[in-house]
Amino acid sequence: MNPKKKFLFIFIVFCLPFLFTFIEIFFHPECLKLSGSVPTQEEPKFYFLDFFSGKFQKSTENYLASKSGSRWVFIRFRNQIHYSLFHKIYGQKTVFGKKDYLFEKDHIEAHLGIDYLGDKKIEEIGLNIKKLKNILQKRNIPLFILLAPGKASFYPEYISEEMLSQKKENSNYKKFKKVLEENYIHCIDFISWMKGLQGEKMPFYPKGGTHWSYYTASIAMPVIIQKISEVTNKNFPKISVQMKSTTTLPYYNLDSDIFNSLNLLWSLPFGKYIEPEILIENTNFYKPNVLIVGDSFYFTLSATKLPEKLFSIESNFYYYDKINYSINGKTNTQIEKFDLNKDIFSKDIIILLVSEVNLKYFGYGFIEKVITEEKKSNTIKKYKMSKYNDRPKYY
């Protein structure tokens, strides 16, 4: 390399961080942001003790590094080199399976039964589910449990032999399925349903994603509607889902959520994604007021727009016990600021969505909250009745 080219190369390398910082400050492009869980650094306050101990300097260094516009490129550059040369990744709990299939470790553990709660605990939860069902039944509100399958259960052939050798005899899914059947709970079991799809060469789970694909959510929604229709004796429209086209780019952002969290510079060859065509036969039909309580697997169902077309505008989604989303996802509020009693008991239908990995957190506190509120309500009724009976009687 001649001296001019050397100078130009060094100049470009020297200027790149300033260029990226300039772009970050003035244009805030989304593509420059790191994906996944990125810890935020608070601006440190100056204290003499911290200054002389060196704590202030270290905190300031971390804060300035987090604000640097060029930070993302160095992190992605490091991650790419380590992946390309050593097949090393930095995604939290990410596991590289066979043929570049990405998994989350806790999903594999759920499939293997490593996170098994035990018979006694699951039977206790089963009794609470039955109590919830009875509370809702008194108000003519049917309860549905929707079990969403994990990627590891659908694609066990892409998990390493070393991990598969840890498979236990029992699992949360097997025991919960039995308990739900014994307590006559309406269950929409997609874990079992999707086992019937194994062997079909369709991307039901994207290689780089942890949730079911947009296409899978599209064909799952008619199954949910059919079950609701059978239990409620209400007519819903026929929904047809067909493959419209294929693409090599993720059709929906959750289709590549694990890969995005790796923060590499270049994508991996993840194959094809399906763009479905979803048709609803008519638009004049019964739209129930539905509450869905669940985890992130619902977001893919919501992305199909079918819930907002099939359920009433008053319907909503509780994301765990934290955020209440409107059925179209356009507004949300913190659940702690929400009148749960008024909302829950005004519903026509309640769906509790639990993905396989979250069976160990079954209900996310929703079941216990409703049971507690019911007990409070009954106590108040008994108190009022006792006051009524103790009133002076006049003849």
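Residues numbered from 1 in each chain as written. Predicted model: local features only at pLDDT ≥ 70, side-chain atom pairs only at ≥ 80, totals over all residues. Heavy atoms only, no water.

This next bit is on the overall build of the protein. For the protein, the count of helices and strands is 16 helices and eleven strands. When the accessible surface of the protein is summed, it comes to about 23000 Å², and 56% of that surface belongs to carbon and sulfur atoms. (Helix = DSSP H or I, 4+ residues; strand = E, 2+ residues; numbered from the N terminus. Areas by Shrake-Rupley, 256 points an atom, 1.4 Å probe, with all protein chains shown as cover.)

Take the packing of helix α6 (residues 119-137) against helix α9 (residues 172-182) next. In a pair of packed helices, the angle between the axes and the distance between the axes together describe the arrangement. Contact geometry of α6 with α9 gives a least axis separation of 10 Å together with a crossing angle of 40°. As summarised for this structure, α6 and α9 are arranged oblique, according to the angle between their axes. Here α6 runs over α9; the crossing is right-handed. Every residue of α9 that contacts α6 at D119, I122, E123, I125, G126 and I129 is listed here: N172, K175, F176, V179 and L180. The residue inventory of the contact of α6 with α9, partitioned by class, reads six nonpolar, two polar and three charged. (Axes fitted to C-alpha atoms, helices over the stretch in contact; angles between N-to-C directions. Parallel < 35°, antiparallel > 145°, perpendicular 65-115°, else oblique. Left-handed = near helix turned anticlockwise from the far one by under 90°. Contact = heavy atoms within 4.5 Å. Nonpolar A, V, L, I, M, F, W, Y, C, P; charged D, E, K, R; others polar.)

Glancing now at the side chain of K207. For K207, the position within the fold is in the loop between α10 (190-195) and α11 (214-232). For the buried K207, which has no salt bridge, the nearest side chain bearing the opposite charge is D100, at an N-O separation of 5.6 Å. The residues touching K207, leaving out its near neighbours within four places in the chain, are K99, D100, Y101, L102, K151, P269 and F270. (Buried < 20%, exposed > 50% of the residue type's maximum accessible area, 1.4 Å probe, protein only. Lys, Arg positive; Asp, Glu negative; His and termini not counted. Salt bridge = Lys/Arg side-chain N within 4 Å of Asp/Glu carboxyl O.)

Attention now moves to α9. Those residues of α9 that fall on the buried side of the exposure criterion are N172, Y173, K175, F176, V179 and L180. Across the axial projection of α9, the buried residues extend over an arc of 165°, all falling on one side. Residues of α9 that are buried make contact with α6, β3 (143-148), β4 (186-189) and α10. (Arc of directions from axis to C-beta.)

In this section: the packing of aromatic side chains. Within the structure shown, the criterion is met by 27 aromatic pairs. When the centroid spacing of 5.2 Å and the interplanar angle of 85° are considered together, the rings of F46 and F56 count as edge-to-face. In this pair, F46 is assigned in the loop between α1 (3-27) and α2 (48-53) and F56 in helix α3 (residues 55-67), connecting sequence segments ten residues apart. Geometrically, the ring pair formed by F204 and Y215 is tilted, given 6.3 Å between the ring centres and 35° between the ring planes. Of this pair, F204 sits in the loop between α10 and α11 while Y215 sits in helix α11, and the two are eleven residues apart along the sequence. Taken individually, F204 and Y215 each receive the classification buried, so the pair is uniform in this respect. (Phe/Tyr/Trp six-rings, centres within 6.5 Å; stacked < 30°, edge-to-face > 60°.)

A grouping of F77, I81, L85, F86, L265 and W266 is seen on the molecular surface, where their side chains present a nonpolar patch of about 670 Å² in accessible area. Tracing the backbone through its elements, the reader meets L265 in the loop between α12 (257-262) and β6 (273-280). (Patch = residues over 30% accessible without salt bridge, like charges linked within 9 Å, V, L, I, M, F, W, Y side chains within 5 Å.)

Positive phi outside glycine occurs at N233, with the angle close to 60°. Its place among the elements puts N233 in the loop between α11 and β5 (239-247). Positive phi, normally seen in glycine, also occurs at Y364, with a value near 55°. Tracing the backbone shows Y364 in the loop between β11 (349-355) and α16 (366-389).

We now examine the pattern of salt bridges. According to the stated counting rule, one finds eleven salt bridges in the structure shown. Taking the shortest distance from any N to any O, the salt bridge between K98 and E161 comes out at 2.8 Å. Placement of K98 in the loop between β1 (94-96) and β2 (102-104) and of E161 in helix α8 (residues 161-164) is noted, with a sequence separation of 63 residues between them. The exposure class assigned to K98 is partly exposed, which follows from its relative accessible area of 34%.

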